[in-house]
Structure formats: C-alpha cells, structure tokens
Amino acid sequence: MYDIFATDKLIDLWLTEDIGICDLTVQTMIEPGETGSFCMNAREPMRIAGIDVAARIFARYDPSLSIDVRVVDGDKVEKGAILLNVSGNARSVLTAERTALNIMQRLCGIANHTATYAQAIAHTKARLIDSRKTTPGLRALEKHAVTCGGGLNHRLSLDNGVMIKDNHIAVCGSIAAAVERVRRKLPVLTKLEVECDRLEQVHEALAAGVDVIMLDNMSVPDMKEAVQIVNGRTKVEASGGIRLETIRAVAETGVDYISTSKITQSAPAVDIGLDEA
C-alpha cells in the first residue's frame, strides 16, 4: 500500500531529474503531432510490482495518452509478457519512457528477490519481513514491492512501533528498565520489540512481557534454544546476517519471522523494455 499523492510528488521529481529543461532528442527529431503505439514488455521471467506507478508516470506527463495496463502487482509473468500498452503523442511517450522503466525495473527486481527468499522458507511457519534499509524516498514503494513478492512489512517508519536495540538498552541500563520506561507512554495498541544478542537477554525480555523478541546475529543453535525458552509465549524474529544460503536453516529453528535487508538492498533490477507495438 502506498500513498498516491505522495507518489505523484515523487513522479514529478523523477521526471524533472530526467528531462531537465526538455527532451532535446524528441524535440529536434519528432514532429509535435506525430503519434505512436508502444508496449512495455518483460524481457525475462519476473514478479510484477509498480505497474500502476509506471502507468501513472505516463499519464502524469501527458494525460492525453491512452494506457492499457495488462497485469496487476503480484503477478508472475514469463519472458515476453506485455505489461502495458501506451499510445498517443510520440514525444510524450518517449520522454517519459525511461522514468517509467526505471521504477518498474527496480520494484519488480525487489519483488523477484523477495519471492526467491520466501520460497526458500515456504516449508516452515516462518514469514519473511523487510527492514527500514530502503532507498531514501522510495520506502513505501519498495516495501510495497516486498509484499508483491510474498513478504511482509516490518515498521514503515520509526513511529510505527517501538524497537529497543542495544544502544537504547545501554542508555537505560537494562532491558527491564528500558521496557518499563516505554510502557509508561506507549499507546496501548502499539507493539514493543526488543533486540537480544545473548540468551540471557531473551530471558530478560520474556520476563518484561514484550510483544516480539528479535534474535540479533545469533547462531542457529542459539536460535533453537531461544525458541525453546520462549515456548510460544511471544513472537520471535531472527535478524542479522540473513542470506539466501542461510535462511532455510534459520527458518527451521522455529522462529516466527525472519527479517533481512537483502531483499531490498541487494535486489538486482529486472530487464523490461518499451518497444513499438
């Protein structure tokens, strides 16, 4: 889920960045009244994310363009699939082309990468979640792409929940003290999570009655023991150093969630083109 009005502001920035004063190429070689029909197509198999954003880029640059969206976010498509058709003023289509392709390639890449990670743990109860390690300005869209790939969202921003980490604990003196301070002011429907990097901290967080215990950079044997300690009394999240090669073993420890920045920070862009229809 993303805010359409906020996205429009981003689109204006993207177009301004790419166009500058004008698209000198189309202005010098294409006549104002010339028209064309084009299709955006997948040049490799992929998960779709951001198709409505791409369509909105064309429409925002030139509302007179005719746009036919052929897929929906979350679809899995094969190489050669047509994602959308756009027709009308040729200058407008070609000027907005790169901006639309750039965001689609980025978001579909995240959805693809997320799906690969999610599939690796599909045989367990663990659910894949993202982090706040996103591209500045693109968080809502990148987190939307995660959900298109089968993942879940962690906090959208710092005001979405309380996460007590090692530096917070250091300031307060202990997990118990930090949780006590938070509980005095925390809205009743807001979750409280504590980061633990040692098993003794798991005991302390559990005694404090937190909603989620994050196991930060723990070994697989320690994660298994932590899950046994918690024994279903609260949710357990594994985080830190998660890679595609390691996520299966982590999921099999019995944790409820696995968070990783890899699905956003390390996602390769997919290959999408705009060709004459």
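This is a predicted model, so every value here is computed, not measured.

Turning next to the packing of helix 1 (residues 4-19) against helix 4 (residues 90-120). Relative orientation and spacing of two packed helices are given, respectively, by the angle between their axes and the distance between those axes. Contact geometry of helix 1 with helix 4 gives a least axis separation of 10 Å together with a crossing angle of 125 degrees. Here helix 1 lies oblique to helix 4, going by the angle between them. Our pair here, helix 1 against helix 4, has a crossing hand that is right-handed. Residues Trp 14, Leu 15, Asp 18 and Ile 19 of helix 1 pack against Thr 95, Ala 96, Arg 98, Thr 99 and Ile 103 of helix 4. For the contact of helix 1 with helix 4, a count of residues per class yields five nonpolar, two polar and two charged.

As a further point, take helix 9 (residues 220-230). Residues of helix 9 that are buried: Met 223, Ala 226, Val 227, Ile 229 and Val 230. For helix 9, the buried positions fall inside an angular range of 160 degrees around the axis, keeping them on one side. Turned more than 90 degrees away from the buried face of helix 9 sit Pro 221 and Gln 228, all of them exposed. Where helix 9 is buried, its residues touch helix 8 (199-207), strand 9 (212-216), strand 10 (235-239) and helix 10 (247-251). With its phi angle positive at about 55 degrees, Asn 231 sits one or two positions after the end of helix 9.

Attention now moves to the domain arrangement of the protein. For the protein, the domain assignment lists domain 1 (4-117 + 268-276) and domain 2 (123-266). Contact with domain 1, which involves 20 residues of that partner, is made by 21 residues of domain 2. Contact between domain 1 and domain 2 buries roughly 1,600 Å² in total, counting both sides, with carbon and sulfur atoms accounting for 68%. Counting the contacts that link domain 1 with domain 2 gives one salt bridge. With a closest N to O distance of 3.1 Å, Arg 106 and Glu 142 form a salt bridge. Summed over the shared surface of domain 1 and domain 2, the result is five residue pairs in polar contact (both at pLDDT 80 or more).

About the criteria used
Residues numbered from 1 in each chain as written. Predicted model: local features only at pLDDT ≥ 70, side-chain atom pairs only at ≥ 80, totals over all residues. Heavy atoms only, no water. Axes fitted to C-alpha atoms, helices over the stretch in contact; angles between N-to-C directions. Helix = DSSP H or I, 4+ residues; strand = E, 2+ residues; numbered from the N terminus. Parallel < 35°, antiparallel > 145°, perpendicular 65-115°, else oblique. Left-handed = near helix turned anticlockwise from the far one by under 90°. Contact = heavy atoms within 4.5 Å. Nonpolar A, V, L, I, M, F, W, Y, C, P; charged D, E, K, R; others polar. Buried < 20%, exposed > 50% of the residue type's maximum accessible area, 1.4 Å probe, protein only. Arc of directions from axis to C-beta. Domains from an automatic or database assignment. Buried area = accessible area lost by both parts, 1.4 Å probe. Salt bridge = Lys/Arg side-chain N within 4 Å of Asp/Glu carboxyl O. Polar contact = N/O pair within 3.5 Å; in protein donor to acceptor, adjacent residues only side chain to side chain.

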